[in-house]
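Residue strings, one per chain:
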Amino acid sequence: MAPVKVAFAVDQLRFAVPGGIGTYVRELAPALRAEDPSLDLVPFAARWPDPPDRDVVELPGTIRTLYPRWALTGKPSLPAALGRCAVVHATNPAAVPPAAGGQALVVTVHDLAFDRYPRAFPPIWRWLYRAGVRAAIRRADVLLAPSAATAADLRDRGADPERIRVTPLAASLAAGTQDPEAVLGRLGIDRPYVLAPGTIEPRKNQVRLIRAYRQVAPDVPHALVLAGPDGWGVEEVDAEQARPGPGRIVRTGPLDAADLDAVYRGADLVAYVSLYEGFGLPVVEAMARGVAVLGSTTPAVAETAGDAALLVDPEDVADIADGLARVLADERL
């Protein structure tokens, strides 16, 4: 049999902050090839000023010109170099290219946070996600959702249940075995500490977490470590951190895989109290290392955590503080 060619969107890998979608794209491509060597993945991306990879099919337009036109008109078509692909996989629901006749369109919808918490997104991306998901629901042959919660959100928006597939994520961050002290020392992190991994942005809820941490800081020796790149709306976290208060707050910035693994393994607790997620990958990454998790009652995070985490209301600072205090004060819990 001839290999199945799949046009595979990789724009997210070129973003300054690739985020969770970037992790998804980066990890899915080699996993697909390992699962089925007959697949021929053909990566494609919009035009960028300095494209870092030559083996990617470059589209004749930027994300500013392509994404809205795709959503509203289904044009322009993909270039001829992708015409022989049997499948087009849109890995970001803001960018849903048209499939040609005979091609199947697969769209991964990671979450519908732009609907639940619209103020947590820049206006242009809020619009792009809304328009892209509408296009995906209309045109996609298959909609991939990382959780049953996201699948339910898609059904609520009118997606055909027969076209939705729930494909949960997995921890891809390799777990190391060396003592993390050298990494912690280089990053200026003293034990004990609570780790909050993720892009610094409103949806990840770091402002409320800082306020909750400061309520318990006088009674525990733990620092709060915010590990992740600065994203949109980071000024709110900067302002909150700058306010006087008890405790120690450490910002690491973006970490490579080895450093992030070490920071996970050195933590007493991982706090992931995001306002909304499509899955909650840091919950799985923490559990893979045997680290206790304080999660949010957000449906997808709760689904991912099951009964193996303490869940709190992400919009209630007092509830987050109570959760922190309970876990940090109770070794058995």
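See the structure shown above.
Residues numbered from 1 in each chain as written. Predicted model: local features only at pLDDT ≥ 70, side-chain atom pairs only at ≥ 80, totals over all residues. Heavy atoms only, no water.

Overall, the coordinates contain seven aromatic pairs when judged by the stated rule. Arranged with centres 6.4 Å apart and planes meeting at 75°, the rings of Tyr-67 and Trp-125 form a pair that is edge-to-face. Here the residue Tyr-67 occupies a position in helix 2 (residues 63–73), and Trp-125 occupies one in helix 4 (residues 123–139), the gap between them amounting to 58 residues. For Tyr-67, a relative accessible area of 1% corresponds to the buried category. Given a relative accessible area of 21%, Trp-125 falls into the partly exposed group. With centroids separated by 5.8 Å and ring planes inclined at 45°, the aromatic side chains of Trp-125 and Tyr-129 adopt a geometry described as tilted. With Trp-125 and Tyr-129 both in helix 4 and four residues apart, the pair spans about one turn of that helix. Overall, Tyr-129 belongs to the buried group, its relative accessible area being 14%. (Phe/Tyr/Trp six-rings, centres within 6.5 Å; stacked < 30°, edge-to-face > 60°. Helix = DSSP H or I, 4+ residues; strand = E, 2+ residues; numbered from the N terminus. Buried < 20%, exposed > 50% of the residue type's maximum accessible area, 1.4 Å probe, protein only.)

Taking strand neighbours across the sheet as the criterion, the six strands line up as 10-9-8-11-12-13 in an open arrangement whose pairing is parallel. Every interior strand has two partners, whereas the edge strands, strand 10 (249–251) and strand 13 (310–312), have only one. Strand-to-strand twist of the sheet, defined as the mean angle between neighbouring strand axes without regard to direction, takes the value 25°. In this fold helix 7 (residues 206–216) packs onto strand 8 (193–197), strand 9 (223–227), strand 10 and strand 11 (269–272), with an angle of close to 170° to the strand it touches most, strand 9. Here helix 12 (residues 317–329) sits on the sheet in contact with strand 8, strand 11, strand 12 (292–296) and strand 13, set at roughly 160° to strand 13. (Pairing = 2+ DSSP bridges. Axes fitted to C-alpha atoms, helices over the stretch in contact; angles between N-to-C directions. Contact = heavy atoms within 4.5 Å.)

Before going further, it helps to examine the pattern of salt bridges. Close approach of charged atoms allows side chains with opposite charge to pair. Counted by the stated rule, this structure contains 19 salt bridges. The shortest N-O distance in the salt bridge between Asp-40 and Lys-5 comes to 3.0 Å. Residue Asp-40 is located in strand 2 (residues 39–45), and its partner Lys-5 is located in strand 1 (residues 4–9); the two are separated by 35 residues in the primary sequence. For the salt bridge of Asp-259 with Arg-186, the shortest nitrogen-to-oxygen distance reads 3.0 Å. (Salt bridge = Lys/Arg side-chain N within 4 Å of Asp/Glu carboxyl O.)

With that out of the way, let us pick up the side chain of Asp-153. Along the chain, Asp-153 turns up in helix 5 (residues 148–156). Since its relative accessible area comes to 9%, Asp-153 is described here as buried. A polar contact of 2.7 Å, which involves the side chain of Asp-153, links it to the side chain of Arg-116. In this structure Asp-153 touches Leu-112, Arg-116 and Tyr-276, once residues within four positions along its chain are discounted. (Polar contact = N/O pair within 3.5 Å; in protein donor to acceptor, adjacent residues only side chain to side chain.)

A separate point is the side chain of Asn-92. In this fold, Asn-92 is placed in the loop between strand 4 (87–90) and strand 5 (104–108). At 2.9 Å, the side chain of Asn-92 forms a polar contact with the backbone nitrogen of Ala-94. Here Asn-92 is in contact with Gln-12, Ile-21, Thr-108 and Tyr-129, once residues within four sequence places are set aside.

Across the interface, helix 7 lies against helix 12 with an axial gap of 8 Å and an inter-helix angle of 55°. Between helix 7 and helix 12, the crossing angle belongs to the class labelled oblique. Judged by the sense of rotation from one axis to the other, the crossing of helix 7 with helix 12 is right-handed. Contacts between helix 7 and helix 12 pair Arg-208, Leu-209, Arg-211, Ala-212, Tyr-213, Gln-215 and Val-216 from the former with Val-317, Ala-318, Ile-320, Ala-321, Leu-324 and Ala-325 from the latter. When grouped by side-chain class, the residues that make up the contact of helix 7 with helix 12 number ten nonpolar, one polar and two charged. (Parallel < 35°, antiparallel > 145°, perpendicular 65-115°, else oblique. Left-handed = near helix turned anticlockwise from the far one by under 90°. Nonpolar A, V, L, I, M, F, W, Y, C, P; charged D, E, K, R; others polar.)

The quantities given are spatial measurements derived from coordinates; they are silent on function.
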